[in-house]
Amino acid sequence: MDIKLLSKEQDTLRFVLSGVKPAFANALRRIMLSEVPVMAIDDVMILENNSVMYDEILAHRLGLIPITTDLESYNLPEECTCKSELGCSKCRASLSLEIEASDPVEVVYTSHLKPENPDVRPVSDKIPIVKLAQGQRVKLEAFARLGKGRTHAKWQPVSAATYSYDEKAGTFTFLVESTGALPPERIVLEAARIIGAKSVDFQEQIGGLEKS
Amino acid sequence: MGISVDHLWNLSKEFIRDSGLVRQHIDSYNDFVERGLQAIVNEVADLPIEIGDYPLKIKLGKIEIGAPRVIEVDGTERSIYPAEARIRNLTYSAPLHMEMIPVIGEREGQPEMVYIGDLPVMLKSKICLLSRLNPEELVAVGEDQLDPGGYFIVNGSERVIVALEDLSANRILVDTEHTGVNPTYKAKIFSTTVGFRARIEVTMKGDRAIYATMPGIPSDIPLMIMMRALGLEEDSKVAELVSVDPKVQDELESSFEKALEANNPKDALLYLGNRLAPGQVDEYRLRKAESVLDRNFLPHLGRTPADRREKALFLAEIAARIIEVKREIRTVDDKDHYANKRLKLAGSLLAELFRISFRNLTRDLKYQLERITIRRHIEFSIANAIRPGIITERVQHAIATGNWVRGRIGVTQLLDRTNFISTLSHLRRLQSPLSRSQPNLEARDLHPTHYGRLCPNETPEGSNCGLVKNLALSSSISVGIDPHEMVDRLRRMGVTTVEEADRRLRGAGGKVFVDGIIAGYTKDPAALAEELREYRRQGKISTEVNVAFHPSEKEGGRDELYVNCDAGRVRRPLLIVEDGLPRISEDHITQLEQGRVTWQDLLRMQVVELLDADEEENTLVAMYESDLRKDHTHLEIAPYAMNGIAGSLIPFPEHNQSPRNAYESAMSKQALGVFSTNFFTRVDSRSHLLHYPQAPIVDTRPMEVFNYHQRPSGQNVVVAILSFQGYNMEDAIIVNKSSVDRGLFRSTFYRIYEAESRQYLGGLRDKFEVPEAGIRGYRGDRYYRLLEEDGIISPESDVTGNTVLVGRTSPPRFLEEYREFEVRGPTKRDSSVTMRPSEQGTIDQIFITESIEGSKLVKVKVRDLRVPELGDKFASRHGQKGVIGLLVPQEDMPFTVDGVVPDVVINPHAIPSRMTIGQFVETLGGKVASQVGELMDGTSFENIGPHAISEILGKLGFQKSGRETLYNGITGEKLAADLFIGVVYYQKLHHMVADKMHARARGQVQMLTRQPTEGRARGGGLRFGEMERDCLIGHGASALLRDRLLEESDKYTAYVCEICGTLAYYDIKQNKYICRIDGEKATISPVSISYAFKLLVQELMSLGIVPRLSLEERA
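Residues numbered from 1 in each chain as written. Chains lettered and ligands numbered in written order. Predicted model: local features only at pLDDT ≥ 70, side-chain atom pairs only at ≥ 80, totals over all residues. Heavy atoms only, no water.

Considering the overall build of chain A
For chain A, the helix and strand inventory stands at 3 helices and 10 strands. For chain A, the α and β elements follow one another from N to C terminus as β-β-α-β-α-β-β-β-β-β-β-β-α. Expressed along its principal axes, the backbone C-alpha trace of chain A runs to roughly 65 × 45 × 25 Å. In chain A, 69% of the contacts between residues at least 6 apart in sequence involve partners at least 24 apart. (Helix = DSSP H or I, 4+ residues; strand = E, 2+ residues; numbered from the N terminus. Contact = heavy atoms within 4.5 Å.)

So this is what it looks like as structure tokens:
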């Protein structure tokens, strides 16, 4: 197996992977899409919302905002030691929003979201959330949690994870484009780690079978 | 060379803007309000009041219509806007006032302005308050600024008067019938005058004699008897009147023979009288005959004895045409030719309705005045004697139900608000009165004269196919002008009346008709036609007038000139061509684009004109400027404007098989989108809203005029064509689950529940409250859990089936009913409004208001989020519909090297047999547009075409074919074949699984038959039908059959007397079953039968039949 870096920008990574079968390359790609955990808003407590946008749409939009992820400090809710449904400071981070429009038309952007933990904040400040008319108010508390793309697309760390396969050379030219939640190289690394962990797990299971 | 496509488009855009998308309704209604109302009043003019010999009459003067307003219960009058009418279930109507002058003898009294009733106001008509507002103001009063208007609001619901396509009135249509040995020749005329329509038929039968029929006389009347009854005595004069051609005159011989018994007017009238009042005295018969002749025969020429001469002339013309057809110097008329069709719009239909109710009002007024004045003598007030309700209620009821005069039903329909397109299309719809149960094959066909007038694609499938049509974008409906002006002008232009015309002129010249009435003869009709057209272009006569020259079709025929100025002709604009060059120049259009001239100015500048189907027969129209030759008279403006609203949505329709475009035209009206921007304050009983609607990336030019980009109803999705594990076979589609997660095709469904607290006789009334436990019909605490103190549910609460939305208690239906059972006397009963059993959602909004009767009215809006799920229906714009067969996670989806993953995967088998190549072209166009960042124009006939698109795609680095290498998302391997992939606009249709899925184990039964109820809303069973029964019989599965049809249905134990076989009854006092026939000696046995069978037995008994059941011991 050989990896050759082609280019690295802030959110995109291109590299050539060779010496593997398509199944392996695809496993890497699939895991990047569906199993590398990132933060996304999962629970929204809407305290006030007299905007034209319904609570469920607002919550859906908030969920789709890419959130910078600190994998070291947070646990997946199902793996967290707190075992509580609400979550604890180790498995959730809150972001709050409180705004009342004073202009005839005011757009609420991600910059208006106030993160509890500065490391868990929207990737961009310029994502519009909702338009408010004068006097309309939105007050809410949103909870971001780690999650996997398999559950919902909002937890996909990548906007594109793809490759082209050169059958003659046996090379896979990968393109990984991050949503910004994690650096692209980190996504690839995590994916590799997950494959590794899965293999170890598999080995243990097989071992268990042999003993019995 | 020539005028660019863009310029021509701007020209036709200006035409559509000038005429507006629903202008036909608004023009027609305005004309009714401005002229029609007064005309109907003038028909009555005076109202004689017969009180002995006291010479009193009421003179009817000016009628005036006010501004839309409402009268509240307390009597206050307030002007209202449509938004309020919708929310409060009011009628958007304006008061009518009429001037009434009592005339005693010759002396006129003081005129009185009297309120005579309300007239519903058409939205955006002249009297509508909205017509004066600019877009910002429209939004401020709660309207969608793009709402077209053209409909009414009656009792809060929006009603459209659908245009009626009728055979044109007062025109002679000759036809042949080949039923017998000899063909018969038949001329039909729908002679129509204000409020009266007489169908006159003139037939040449197998015996070669001509007969006429008319309303009021049951039998055929020989032609010559009619002629003589109309005052013509001499045979030679009659023959001369019919034709100057001796060969034609000869054909009249048999007709003369049939009239030998009556060879003078008096005898002829008596002949008619015999058929009207047989056995009466001569004098009475004469009077009767004269009256029927004047009133029922060709009433459009007048209804007085003075008009008989005119009628004789017309009858002669009819006879002449029949003979000419018979002699084969004239061809039969084409009933389906659009020159012979007229559209009846809101104005003329309302006029019919108003005339009837106005006559009722005057009749009632006369009766009231005669009553009052007899009792109290002379001192009276007209205002007190008038009952405005007569007009108000009659008109409102007709619009609210669609039940028009003369038993016509379905004239109005509830405005379709599925999406913006369905609303517009509904307002431009026409209906043919022809029965949909009969084949009427020719009437359903597309006729060449429909070109540019009616959409060739947009018609429903099935029974209404070809009978329900839609206006093309380029059509315009004439409003009409007074024909008398035209007749006078023609006289001045040298048309000789029939009376004055000499033999030579009648033989060689042409006959001139104005709106079907004979105006006279002219020497050179072709020249006169040209002259009239020139006058029209110069503005000397109205642009509403159209002229058609019908030259003799065969040797020996006659030239005819038709001048049409009636209302309801469908016309279309064309560029005028002179010497092979269009009169219009780039300069004209540039000025138009800059707003320096208007469409109306262009009409005046003599560069464009509107032609009806009749005048179009005299033209030679070039499709494109490059086709122009010397003999062309006109040039098309925009060929694609021949489509209607729905037809114009389809990109590249010329690449599709025609029926696919028809399917799509029907389907686009079911797509979810933004039906109106005021949806927040609207109270439609059900509606849908698409969350993230997108303008199509491949659009068409006409979309601009109906604002499709502002009110779209679909989304652009990446579509690949691949079978993909077979989950998309039989027209299913596979959708990317991650796309759905990201919000693709999410929509909200709204339903409004209404509750009113009514007042009953005796001061009792409903009350909104949380019902107390224990009252009649109490549902149990948990159903009332979400109600607030006022009995109304709180907003944003989540509700499921049967939850109470508005708690309401009502007084008992019949006061005495419960007295004997309940010590406390009558108690209230629960009449709460609950959620439909199969629906759920969130309480969105509550409207609390007051109805017109002053009772409290509550409307609860419930919304339900609809995320696409398995079984929801979608369609592209090419008649390719399908339901979701599988939601696939993104990682399993095929992907391209760029990381593009399709949103939708359709099956390749959907294409070959349907030949929707337009979808391929759209896919390519969408792909190019998405890469270039500009919209792709897919206008029919005027697009850049598939090859040019391919070339651009090639330049962008894609395969020209639109195919791409994709990788299997599951295995990671390259797919063996490249896939065709691109961007296509898809629509979510309103058939969703959530509204349809249903199952039942146990549940309600019908009261009468005790069989399970039918339908999802009533928790019904799934019918085990005849064919299913046959199947079980075939298998011999009798136990299963018994289970389905008896045990699980309406099993009943009947008690039957073994001796006589009749049903026994149970006597409570004796505690046993008794047979009425055999009494004590009866042996009564229980029998298991179906309850429906028990019913049958009893029904037969009620008919006096004794069905006996003979019982046997079970084996």
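Additional details are given in the paragraphs that follow.
Quick word on the packing of helix H1 (residues 5-19) of chain B against helix H20 (residues 586-593) of chain B
All names here are of chain B. At their nearest, the axes of H1 and H20 sit 10 Å apart, and the two run at 55 degrees to each other. Taken together, H1 and H20 sit at an angle that is classed as oblique. Read as a crossing pair, H1 and H20 show a hand that is left-handed. Each of His7, Asn10, Leu11 and Glu14 in H1 lies in contact with H20, whose residues at this interface are Glu586, Ile589, Thr590, Leu592 and Glu593. Residues that form the contact of H1 with H20 fall into these classes: 3 nonpolar, 3 polar and 3 charged. (Axes fitted to C-alpha atoms, helices over the stretch in contact; angles between N-to-C directions. Parallel < 35°, antiparallel > 145°, perpendicular 65-115°, else oblique. Left-handed = near helix turned anticlockwise from the far one by under 90°. Nonpolar A, V, L, I, M, F, W, Y, C, P; charged D, E, K, R; others polar.)

A closer look at the sheet that holds strand S22 (residues 517-522) of chain B
All names here are of chain B. The strand order across the open sheet built from 4 strands is S22-S21-S24-S23, with neighbouring strands paired in mixed fashion. Lying at the two open borders of the sheet, with one neighbouring strand each, are S22 and strand S23 (546-550). When strand polarity is set aside, the average angle formed by the axes of neighbouring strands in this sheet is 20 degrees. Relative to strand S24 (residues 559-564), strand S21 (residues 510-514) runs parallel, the two being bridged by 5 bridges. Bridging across to S24, Lys511 finds its partner in Glu560. (Pairing = 2+ DSSP bridges.)

So, the nonpolar core
The biggest cluster of nonpolar side chains holds 105 residues, and the ones touching the most others in it are A:Met32 and A:Phe174. With 6 residues, the top contributor of residues to this core is strand S50 (residues 979-988) of chain B. Domain assignment of the residues forming this core places at least three in each of domain 1 (2-36 + 157-211) and domain 2 (39-150) of chain A. Setting aside its immediate chain neighbours within four residues, A:Phe174 contacts A:Leu13, A:Arg14, A:Phe15, A:Leu17, A:Ala25, A:Leu28, A:Arg29, A:Met32, A:Thr162 and A:Tyr163. (Core = buried A, V, L, I, M, F, W, Y, C linked by side-chain atoms within 4.5 Å. Buried < 20%, exposed > 50% of the residue type's maximum accessible area, 1.4 Å probe, protein only. Domains from an automatic or database assignment.)

A short note on the pairing of S23(B)
Residues and elements named next belong to chain B. Counting buried positions along S23 gives 4 out of 5 residues, so the element sits mostly inside the fold. Across 5 bridges, S23 lies against S24 in antiparallel orientation. Among the inter-strand pairings, Asn546 is bridged to a residue of S24, identified as Asn564.

Here's the deal with the environment of A:Gly208
All names here are of chain A. Among the secondary structure elements, Gly208 is positioned in helix H3 (residues 184-211). Accessibility expressed as a relative area gives 38% for Gly208, which makes it partly exposed. Placed 137 residues apart in sequence, Gly208 and Leu71 show a C-alpha to C-alpha distance of 31 Å.

Examining the interface of chain A and chain B
The partner chain B presents 32 residues to the 27 residues of chain A that form the contact. Between chain A and chain B, a total of about 2,400 Å² is buried, with carbon and sulfur atoms accounting for 48% of that surface. The closest approach of N and O atoms between B:Lys974 and A:Glu167, which form a salt bridge, is 3.6 Å. Applying the counting criterion to the chain A and chain B interface returns 20 residue pairs in polar contact (both at pLDDT 80 or more). Contributing elements (two or more residues each) for the side of chain A that touches chain B: helix H1 (22-34), helix H2 (55-63) and strand S9 (158-166) of chain A. For the side of chain A that touches chain B, the element with the most residues is H1(A), which contributes 7 residues. (Buried area = accessible area lost by both parts, 1.4 Å probe. Salt bridge = Lys/Arg side-chain N within 4 Å of Asp/Glu carboxyl O. Polar contact = N/O pair within 3.5 Å; in protein donor to acceptor, adjacent residues only side chain to side chain.)

Thoughts on the sheet that holds strand S16 (residues 341-344) of chain B
In a beta sheet, neighbouring strands pair by backbone hydrogen bonds and run either parallel or antiparallel. Residues and elements named next belong to chain B. Taken in spatial order, the 4 strands line up as S16-S10-S18-S19 in an open sheet, and their pairing is mixed. Each edge of the open sheet is held by one strand with a lone partner, namely S16 and strand S19 (468-470). Between one strand axis and the next, the sheet turns through 35 degrees on average, direction left out of account. Relative to strand S18 (residues 429-431), strand S10 (residues 163-167) runs parallel, the two being bridged by 2 bridges. Each residue of the ladder has a partner; that of Ala163, found in S18, is Leu430.

Quick notes on the packing of aromatic side chains
Applying the stated rule across the entire model yields 24 aromatic pairs over all chains. Aromatic side chains A:Tyr54 and B:Tyr750 sit 6.2 Å apart centroid to centroid with 65 degrees between the ring planes, which places their arrangement in the edge-to-face category. You can see A:Tyr54 sitting in the loop between strand S3 (38-49) and H2 and its partner B:Tyr750 sitting in strand S34 (residues 747-756), one on each of two chains. With respect to class, A:Tyr54 is no different from B:Tyr750; both count as buried. (Phe/Tyr/Trp six-rings, centres within 6.5 Å; stacked < 30°, edge-to-face > 60°.)

Some details on the side chain of B:Arg701
Residues and elements named next belong to chain B. Relative to the elements of secondary structure, Arg701 occurs in the loop between strand S31 (698-699) and strand S32 (715-721). In terms of polar contacts, Arg701 uses its side chain to reach the side chain of Asp6, at 2.8 Å. Among residues more than four places away in sequence, those in contact with Arg701 are Val5, Asp6, Trp9, Tyr640, Asp937 and Thr939.

Comments concerning the pairing of strand S1 (residues 46-51) of chain B
Residues and elements named next belong to chain B. Of the two faces of S1, only one is covered, namely that formed by Leu47, Ile49 and Ile51; the face formed by Asp46, Pro48 and Glu50 stays uncovered. Relative to strand S2 (residues 54-65), S1 is paired through 6 bridges, and the arrangement is antiparallel. By the bridge assignment, Ile51 is partnered in S2 with Tyr54.

A few points about the domain arrangement of chain A
Residues and elements named next belong to chain A. What the domain assignment reports for chain A is domain 1 (2-36 + 157-211) and domain 2 (39-150). Of note, the centres of domain 1 and domain 2, computed from C-alpha atoms alone, are 29 Å apart. Domain 1 puts 11 residues into the contact, and the matching count from domain 2 is 11 residues. Buried area between domain 1 and domain 2, summed over both chains or domains, comes out near 800 Å², and the portion from carbon and sulfur atoms is 50%. Considering only the side of domain 1, the residues that lose the most area to domain 2 are Ser34, Glu35 and Ala181, jointly responsible for 46% of the buried surface there. Across the contact surface, domain 1 and domain 2 share 2 salt bridges.

So, unusual backbone geometry
Trans is the common state for peptide bonds, and a negative phi is the common state for residues other than glycine. All names here are of chain B. Even without being glycine, Phe724 reaches a positive phi, approximately 50 degrees. In this structure, Phe724 sits in the loop between S32 and strand S33 (732-736). Relative accessible area serves as the criterion here: at 10%, Phe724 is assigned to the buried category. For Phe941, which is not glycine, the phi torsion reads 70 degrees and is therefore positive.

Remarks on helix H2 (residues 23-44) of chain B
Each α-helix turn comprises 3.6 residues. Residues three or four places apart therefore point the same way. Residue and element names in this part refer to chain B. Over its 22 residues, H2 extends 31 Å from the first C-alpha to the last, a length consistent with the 32 Å expected when each residue adds 1.5 Å. Val33 marks where H2 bends most, by close to 45 degrees. In the segment just after H2, Ala45 is the residue with positive phi, at about 60 degrees. (Expected span 1.5 Å × (residues − 1). Bend = angle between axes of the 7 residues up to and from the residue.)

Some thoughts on the environment of A:Glu85
With respect to the helices and strands, the residue A:Glu85 is situated in the loop between H2 and strand S4 (93-100). The sequence separation of A:Glu85 and A:Lys168 amounts to 83 residues, and the corresponding C-alpha distance is 52 Å.

Some details on helix H9 (residues 265-276) of chain B
Residues and elements named next belong to chain B. End to end, H9 covers 16 Å across 12 residues, agreeing with the expected 16 Å (1.5 Å per residue, within 8%). Among the residues of H9, those classed as buried are Pro265, Ala268, Leu269, Leu270, Tyr271, Leu272, Gly273 and Leu276. Where H9 is buried, its residues touch strand S15 (217-222), helix H5 (223-229) and helix H10 (282-296). Residue Asn264 occupies the N-cap position of H9, its side-chain oxygen lying 3.1 Å from the main-chain nitrogen of Lys266.

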